[in-house]
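Analysis of the macromolecular model
So the chains spell out like this:
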Amino acid sequence: MAIKNNVEEFKARRFLTHAMGKLDEDTVLNLVRQGLKQGVDSLEMIEEARAGMEKVGELYDEGVYFLCDLMVGAEIFTDVINLVLKSTNIEPVSIYPPIIFGTVGGDIHDIGKNIMISVLKSKGCQIYDLGVDVPEAAFVEAVKKMGSPVLCLSGLITTAYESMKKIVDLLEKEGLRSQVSVVIGGLVNEAVKNYTGADYWVTDCAKGSELCIRIMHDQSSKQAIACL
Ligand code: B12
């Protein structure tokens, strides 16, 4: 039965963010199990846990947490994702070319990338995952080879922005820019989008998957019209 009472629902969500921020693994996993049983939306739970990870990052910044704590956070978050994904069981069946995805050069953060990929797969998309710390040219080669209308770049450290910009410049140089929409995610915002020359920025996996599917759909409609 879904949580009916708004106040209770609100409290449960705050608890998840709070427990994640405190790296309280048992509480986090129990809240997620309970949420799954009660029919709470999986993507919303992921977002609540992600907000807790932001807190972990802030405490690391303030010198309260250390690198090992970031790693513990990453492990708990991965357990959350595994729990949530066990409850969705959809095989990818896509009529579109694969979406190209990767964490850009110099950056090894991949939790967000992997979540986005799992969500997209659960919605029937095919993904070509280039992994982490991917050189700029590899993204451009993949766009050329696969003819995908969507290129997804993940980046969480400031140096990642330079790499994203180089990828967009390289796409331009190779004459591929107009055929592919560049979507960036991770620690990004409007200013980063403008700096890098990307088309869209996203920090929410539900919005990210809707956006990618919409782009693929629009692109294929355009191609169909061009063939008439
Ligand atoms: C976990 C973590 C780590 C783990 C990463 C494990 C892993 N396998 O990814 C470890 C411990 C390895 C790590 C290492 C480092 N980290 Co770190 N890390 C974090 C932390 C706490 C959480 C990141 C995370 O996983 N969040 C949860 C995920 C789900 O959120 P997300 O990535 O934003 O993804 C969501 C959306 O953005 C979206 N998304 C993500 N990508 C994309 C792409 C597309 C196309 C779309 C549509 C959507 C999308 O999908 C997700 C949906 O929920 C952040 C703090 C923070 N505020 O984010 C610091 C943080 C990113 N790390 C930081 C730093 C400094 C480092 C290190 C340099 C530390 C060091 N001294 O070595 C190294 C970096 C090494 C490198 N070269 O990359 C800084 C970066 C600061 C900066 N501005 O440059 C942060 C912000 C911490 C801080 N406040 O100081 N880190």
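The shown structure was predicted, so the numbers you read here are calculated from the model rather than taken from an experiment. (Residues numbered from 1 in each chain as written. Predicted model: local features only at pLDDT ≥ 70, side-chain atom pairs only at ≥ 80, totals over all residues. Heavy atoms only, no water.)

**What about the nonpolar core?**
This is how the line gets drawn: Among the buried residues, those of types Ala, Val, Leu, Ile, Met, Phe, Trp, Tyr and Cys that are joined through side-chain atoms within 4.5 Å form a nonpolar core. Buried means the residue's accessible area, taken with a 1.4 Å probe over protein chains only, is under 20% of the maximum for its type, while exposed means over 50%, and partly exposed covers the values in between. Numbered from the N terminus, helices here are DSSP runs of H or I no shorter than four residues, and strands are runs of E no shorter than two. Bear in mind that the domain bounds are from an automatic or database domain assignment. Whether two residues are in contact is decided by their heavy atoms: any pair within 4.5 Å suffices.
With 41 residues, the main nonpolar core has Val28, Ile46, Ile99, Phe101, Leu120 and Val150 as its most contacted residues. Secondary structure elements with two or more residues in this core: helix H1 (6-21), helix H2 (25-37), helix H3 (42-61), helix H4 (67-86), strand S1 (99-103), helix H5 (111-122), strand S3 (150-155) and helix H9 (205-227). Two domains each put at least three residues into this core: domain 1 (6-86) and domain 2 (99-227). Discounting residues that sit within four places of it in the chain, Leu120 has contacts with Ile99, Phe101, Cys125, Ile127, Ser209 and Cys212. Core analysis: the next-biggest nonpolar cluster, separate from the first, contains 22 residues, Val104, Ala160, Leu171 and Ile184 among them.

**Considerations on the layout of surface pockets**
Quick note on the threshold: Residues are called lining when one of their atoms sits within 4 Å of a cavity or pocket point, these points coming from a 1 Å grid over the protein atoms alone, where a cavity is a set in which a 1.4 Å probe fits but cannot get out and a pocket is an open set with protein on both sides within 12 Å along at least five of seven lines. Grid points are joined across faces, edges and corners, and a volume is the space filled by probe spheres set on the points. Residues were grouped as follows: Ala, Val, Leu, Ile, Met, Phe, Trp, Tyr, Cys and Pro as nonpolar; Asp, Glu, Lys and Arg as charged; and all remaining residues, including Gly, as polar.
Space inside the largest pocket adds up to approximately 1,300 Å³. Every element with two or more residues in the lining of the largest pocket is listed here: H3, H4, H5, S3, strand S4 (181-186) and H9. The leading source of residues in the lining of the largest pocket is H3, at 10 residues. Looking at the lining of the largest pocket residue by residue, the class counts come to 25 nonpolar, nine polar and eight charged.

**Quick look at the pairing of S1**
Stated formally: When DSSP finds at least two bridges between two strands, those strands are taken to pair.
Within S1, five of the five residues are buried, leaving the element largely enclosed by the surrounding structure. Residue alternation in S1 divides its side chains into two sets, Ile99, Phe101 and Thr103 and Ile100 and Gly102, and both sets are buried. Two strands pair when backbone bridges link them, and S1 and strand S2 (residues 127-129) are joined in this way by three bridges, in the parallel orientation. From the neighbouring strand, Ile99 faces S2, where its bridge partner is Ile127. In this sheet, S3 lies alongside S1 in parallel orientation, the contact comprising four bridges. Looking at S3, one finds that Gly102 is bridged to Leu153.

**Re the coordination of the cobalt atom of the ligand**
This is how the line gets drawn: Coordinating donors are taken as N, O and S atoms within 2.8 Å of the metal, stretched to 3.2 Å for Na, K and Ca; because water is absent from the atoms, sites can appear incomplete.
Its sole protein donor being His109 (NE2), the cobalt atom of the ligand sits 2.3 Å from that atom. Inspection of the secondary structure puts His109 in the loop between S1 and H5.

**Observations concerning the packing of aromatic side chains**
Where we set the bar: Any pair of Phe, Tyr and Trp rings, taking the six-membered ring for Trp, is counted once the centres come within 6.5 Å. Such a pair is stacked with planes under 30 degrees apart, edge-to-face with planes over 60 apart, and tilted for the rest. Two limits define a charge over a ring: the Lys NZ or Arg CZ must be within 6 Å of the ring centre, and within 35 degrees of the ring normal.
Under the definition given, this model contains zero aromatic pairs. Against the face of Tyr195 rests Lys165, its NZ or CZ located 5.6 Å from the ring centre.

**Here's the deal with H4**
The following threshold applies: Any helix carries an expected span of 1.5 Å times its number of residues minus one. This arc is built from the directions going out from the helix axis to the C-beta atoms.
Compared with the 28 Å implied by 1.5 Å per residue over 20 residues, the 29 Å span of H4 between its first and last C-alpha is a close match. Every buried residue of H4 is accounted for by Asp69, Gly73, Ile76, Phe77, Val80, Ile81, Leu83 and Val84. One side of H4 carries all its buried residues, which in axial view fall inside an arc of 160°. Residues of H4 that are exposed and point over 90 degrees away from its buried face: Leu67, Met71, Glu75 and Lys86.

**Some details on the environment of Arg33**
Topologically, Arg33 is positioned in helix H2. Arg33 sits in the partly exposed class, given a relative accessible area of 40%. For the pair Arg33 and Val84, spaced 51 residues apart in the sequence, the C-alpha separation amounts to 8.4 Å.

**Considering the confidence of the model for the protein**
Using the following cut-off: pLDDT: the predictor's confidence for each residue, scored from 0 to 100.
Here the protein shows a mean pLDDT of 86. Residues at 70 or above account for 87%. A low-confidence stretch, residues 224-228 (pLDDT under 50), is modelled with zero contacts involving residues beyond four sequence positions or located in other chains.

**Quick look at the site of the ligand**
Applicable threshold: Think of it this way: one heavy atom of a residue within 4 Å of a molecule or strand is enough to make that residue near it. A 3.5 Å cut-off defines polar contacts: any pair of N or O atoms within that distance qualifies, except that in protein one atom must be a possible hydrogen donor and the other a possible acceptor, and neighbouring residues in sequence count only when both atoms are side-chain atoms. What decides whether a molecule sits in a cavity or pocket is whether more than half of its atoms lie within 2 Å of the grid points.
Around the ligand, the structure places 35 residues, and the nearest of them are Asp61, Ile108, His109, Asp110 and Ser154. Here a nitrogen atom of the ligand sits 3.1 Å away from a polar atom, N or O, in the main chain of Gly57. Between the ligand and the protein, one listed contact pairs an oxygen atom with a side-chain N or O atom of Asp107 at 3.4 Å. One can see that the ligand is located within the largest pocket. Listing elements by their share of the shell around the ligand, those giving two or more residues are H3, H4, H5, S3 and S4. The element contributing the most residues to the shell around the ligand is H3, with seven residues. In terms of residue class, the shell around the ligand is built from 20 nonpolar, nine polar and six charged.

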